[in-house]
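Reading the structure
As a plain string of letters, each chain reads:
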Amino acid sequence: MKLLNKTTLYFLAVSFIIFFLGGVLFYLLFQITIDNSINIKLHERKEYNLKQLAKSDSLMLLFQEYTDVLSIRPINKIMSETETLSDTLIYDSIDGRFLLYRQLSFYKRVNNHNYFIQVRRAVLDYTTLLKDVFILETLLFIAFIAALTLVNNRVSKKLWKPFYYILDKINNYKVDLAQSMTLPQSSIKEFNELSAAIEKMSVKINNEFNIQKEFTENASHEIQTPLAIIKNKLEILMQSPEMSKEQMDLINSASLATNRLSKLNEALIILSKIENRQFHEVDDISVNDVASRILSSFDELIKIKSISVEKNYPHRLQVKMHPYLAEILLENLIVNSIKHNTSPGVISISTLPGKIEITNTGTGSTGKVDRLFQRFVKSNPKSKSLGLGLSIVKAICDTYSFTITYEMVGSSHKITVTFSEQS
Amino acid sequence: MKVLIIEDEKELLNSISTYLRMEGYVCEEACDFQEGSEKINVYEYDCILADIGLPDGNGLALVELLKTKLSNTGVIIISARNSLEDKIKGLDIGADDYLTKPFNLSELNARIRSILRRRKFEGKKEIDFHEIRANPETLKVFVDQKPILLTKKEFDLLIFFIANKNKVLTKESIVEHLWGDYIDSADSFDFIYAHVSNLRKKLVENGAIDYLQTVYGVGYKFTDHD
């Protein structure tokens, strides 16, 4: 849910309560005001009627007034000195229903006669009042919601514009480009604070990234130099005349281990460089051409293993990526398809719109399919390989959002790299 | 042939010059930028090996210095960083080749020979080894004037063997020479045997003496000694 909708919802809930309470208060206030004014009017009427009564007799008065607003009864004795206010229902023959009246009842002695006098006044129908107030409130509430929605949609879009701009900037931020973010100033304090915080953070990230990058490079440098020394010393030692087979075996083992360590170091450096996205240069790569070039460089190996290569290039596949990574990606896949092939065997490479499929004949299942792209996973535990080839391939695919899938087709292995959904 | 090696790592410097001396080069050593630039200014060399990461300066600056002298000296840059930018920059300012540590001395030797061949012997670029003659430009190989047909990789292998004649070459150094250094070479060793056998067969069938010796499990030696 968008922040805007969420706040609107809360706002509506609160305003609903306020409107409801406001309506009740409004109604009560109205009622009290009307009551008061009726009471005042009744008292005025009382004074007026008493004056009239003093001038004439009660019967005259009765004819002058309607019975439902005034009743004067001569009585023998005054029952009470106080006057009482009460509500009563009187049948109205015109309306055909009972109407509510407020009456003021009192006893009074006028011109030596005792009277019981009641003055009445029709009270406004409270249900009508309630209905009117309710309708008014509802209309106001609807108008309020409409205005709020309009303001939110029109104004908020404008107000939140800097926010969405910042969001877009963060989404497109690439740490490997080694530049901190610069965000524009807006007229809103909060957004400026956000911009400033993000700019500060991006500077920090950049610094950290550079330190990390430097560390990786320095570590590689520091490890490669002693490795180079060991390797070269062994190479010179190997040239000494009169070496026995045993001595040569020792040197060979040491040399192989050194070589393995150095390859491992190199592979991990490449992997971390890919994952740190340090290859950001992009070229238009012809996948067909690169695949063909790699295949031809392994021509002899392919012939030695009696592998036949089927190239299906119905489609010229162009991909935007770093040339070195394109090379590593395809070389790893093609070398794998040679290494894990049978002899004789078949490699089939097909370029389709947006993807390349490399299939090779092989011997049965590789087992852990789901772990195939993880580091240090080997199909054959006895293999001397580092088990990093496919993780490098995977890292490259992840960098460019390519998808790579593996499937067994009979006893053949099929790797598909999808570069993009469209051609 | 006079070679200047500029490398701050003493042991590495030592190994390189030992190997190159065995190959018959005259080696001069410099272990920092200062010493390297002085030697470049004073003497003439056929080839210079320069480490990029020197304690008192960047080896690339030495290449630039050398290029201002307009000399015909070949330059190989050595770096511990397998950095594409360094490589491109180095080759841009006029270096002939680029090697990443750790490298095989046999590989370094082959690269130096290739550079010297390109730079020094304008008229004669062919490689001779007794009855075998190879032309790196046309990729043609002759045994006693008779042309034999080799694949590109077999040709490269032959040149690599001749460049490092009388030296023990490990299978690993051969794989790296032929297919570059980032492929997982350990698994490719089995191929090497078949590959070398093919080359040997083609040479011997066409009348060449079998100069290839197998050295225990280590590798091969191309030699005219016993």
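Look a little higher up for the structure.
The paragraphs below set out a description of the structure included in this document.

Parameters at a glance
Residues numbered from 1 in each chain as written. Chains lettered and ligands numbered in written order. Predicted model: local features only at pLDDT ≥ 70, side-chain atom pairs only at ≥ 80, totals over all residues. Heavy atoms only, no water. Helix = DSSP H or I, 4+ residues; strand = E, 2+ residues; numbered from the N terminus. Buried < 20%, exposed > 50% of the residue type's maximum accessible area, 1.4 Å probe, protein only. Contact = heavy atoms within 4.5 Å. Areas by Shrake-Rupley, 256 points an atom, 1.4 Å probe, with all protein chains shown as cover. Axes fitted to C-alpha atoms, helices over the stretch in contact; angles between N-to-C directions. Parallel < 35°, antiparallel > 145°, perpendicular 65-115°, else oblique. Left-handed = near helix turned anticlockwise from the far one by under 90°. Nonpolar A, V, L, I, M, F, W, Y, C, P; charged D, E, K, R; others polar. Salt bridge = Lys/Arg side-chain N within 4 Å of Asp/Glu carboxyl O. Core = buried A, V, L, I, M, F, W, Y, C linked by side-chain atoms within 4.5 Å. Pairing = 2+ DSSP bridges. Lys, Arg positive; Asp, Glu negative; His and termini not counted.

Right, let's talk about the overall build of chain A for a bit. Regarding its fold elements, chain A presents ten helices and eleven strands. The buried share among the 423 residues of chain A stands at 40%. In chain A, the proportion of contacts linking residues at least 24 apart, taken out of those at least 6 apart, comes to 65%. For chain A, the exposed area adds up to about 25,000 Å²; of that, 60% sits on carbon and sulfur atoms.

If you tally the helices and strands in chain B, you get eight helices and 14 strands. Entry remark: accessible area of chain B is about 9,400 Å², with carbon and sulfur atoms responsible for 49%.

A word on the packing of helix H6 (residues 152-163) of chain B against helix H7 (residues 171-179) of chain B. All names here are of chain B. Taken N-terminus to C-terminus, the directions of H6 and H7 make an angle of 130 degrees; their axes are 10 Å apart at the nearest point. Here H7 runs oblique to H6, going by the angle between their axes. For the pair H6 and H7, the sense of crossing is right-handed. Residues Lys153, Asp156, Leu157, Phe160 and Phe161 of H6 lie in contact with H7, whose contacting residues are Ser173, Ile174, His177, Leu178 and Trp179. A per-class count over the contact of H6 with H7 returns six nonpolar, two polar and two charged.

At the interface, 46 residues of chain B touch 46 residues of chain A. Along the contact surface separating chain B from chain A lie three salt bridges. Its salt-bridge partner being B:Glu172, residue A:Lys231 comes within 3.3 Å of it at the nearest N-O pair. Breaking the side of chain B that touches chain A down by element, the ones donating at least two residues are helix H1 (10-22), helix H5 (105-120), H6, strand S12 (168-170), H7 and helix H8 (189-205) of chain B. Examining the composition of the side of chain B that touches chain A, we find that seven residues originate from one element, H1(B), more than from any other. Its residues assigned to classes, the side of chain B that touches chain A shows 19 nonpolar, 14 polar and 13 charged.

The next point concerns the nonpolar core. Counting residues in each nonpolar core, the largest one holds 80 residues, and the members touching the most others are A:Met321 and B:Phe161. Residue contributions to this core peak at ten residues, all from helix H9 (residues 323-339) of chain A. Sequence-distant contacts of B:Phe161, defined by excluding residues within four places in its chain, comprise B:Leu169, B:Ile174, B:Val196, B:Leu199, B:Leu212, B:Tyr220 and B:Phe222. Counting 20 residues, the second largest nonpolar core, distinct from the first, contains B:Val3, B:Leu13, B:Ile16 and B:Cys27.

Here the focus is the sheet that holds S12(B). Residue and element names in this part refer to chain B. Reading across from one edge, S12-S14-S13 is the order of the three strands in this open sheet, with antiparallel pairing throughout. With partners counted over all chains shown, the strands left at the sheet margins are S12 and strand S13 (212-215), one partner each. If you compare each strand with its neighbour and ignore which way they point, the axes differ by 35 degrees on average. Bridge count between S12 and strand S14 (residues 219-222): three bridges; the pairing is antiparallel. Note that in S14 the partner of valine 168 across the bridge is lysine 221.

Right, let's get into the side chain of A:Glu137. Residue and element names in this part refer to chain A. Considering the arrangement of structural elements, one finds glutamate 137 in helix H3 (residues 126-159). Despite being buried, glutamate 137 has no salt bridge partner; lysine 131 is the closest side chain of opposite charge, sitting 17 Å away. If sequence neighbours within four positions are ignored, glutamate 137 has contacts with Phe19, Gly22 and Gly23.

All names here are of chain A. In spatial order, the strands read S6-S8-S9-S11-S10; together these five strands make up an open sheet with mixed pairing. Two strands in the sheet have a free side with no partner beyond their single neighbour: strand S6 (307-312) and strand S10 (403-409). Mean inter-strand twist for the sheet, computed between neighbouring axes without regard to direction, equals 15 degrees. Here six bridges tie S6 to strand S8 (residues 345-352), and the two strands are oriented parallel to one another. In the sheet register, lysine 311 faces S8, and the bridge partner there is isoleucine 349. Of the strands in this sheet, S6, S8 and strand S9 (355-361) touch helix H7 (residues 287-297), which is tilted by about 170 degrees from S6.

All names here are of chain A. Checked against the element boundaries, valine 290 lands in helix H7. Accessibility expressed as a relative area gives 7% for valine 290, which makes it buried. Taking the C-alpha atoms as reference points, valine 290 and glutamate 327, separated by 37 residues in sequence, lie 6.8 Å from one another. With residues up to four places along the chain from it excluded, the contact list for valine 290 reads Ile285, Ala326, Glu327 and Leu330.

Our focus in this paragraph is the pattern of salt bridges. Under the counting rule described, the total for this entry stands at 30 salt bridges over all chains. Residues A:Glu193 and A:Lys189 are paired through a salt bridge, measuring 3.4 Å at the closest nitrogen-oxygen approach. One end of the pair is A:Glu193 and the other is A:Lys189, both in helix H5 (residues 189-238) and four residues apart, which spans about a single turn. Measuring nitrogen to oxygen at the nearest pair gives 3.6 Å for the salt bridge that ties B:Glu35 to B:Lys39. Placement of the pair is B:Glu35 and B:Lys39 together in helix H2 (residues 33-42), with a separation of four residues, close to one helical turn. With a relative accessible area of 26%, B:Glu35 lands in the partly exposed category. Judged by its relative accessible area of 17%, B:Lys39 falls in the buried class. Connected via shared salt-bridge partners are A:Asp35, A:Asp87 and A:Arg102.

Residues and elements named next belong to chain A. Of all seven residues in strand S11 (residues 412-418), seven are buried, a share of seventy percent or more. Side-chain alternation along S11 places Ser412, Lys414, Thr416 and Thr418 on one buried face and His413, Ile415 and Val417 on a second face that is also buried. Bridging between S9 and S11 involves seven bridges; their strand directions are antiparallel. Each bridged residue has a counterpart across the sheet, and for threonine 359 the counterpart in S11 is lysine 414. Looking at chain direction, S10 and S11 are connected through seven bridges and run antiparallel. Bridging from a neighbouring strand, isoleucine 404 pairs with valine 417 of S11. Connecting S10 to the next strand, S11, in antiparallel fashion are two residues, including glycine 410 with a positive phi near 65 degrees.

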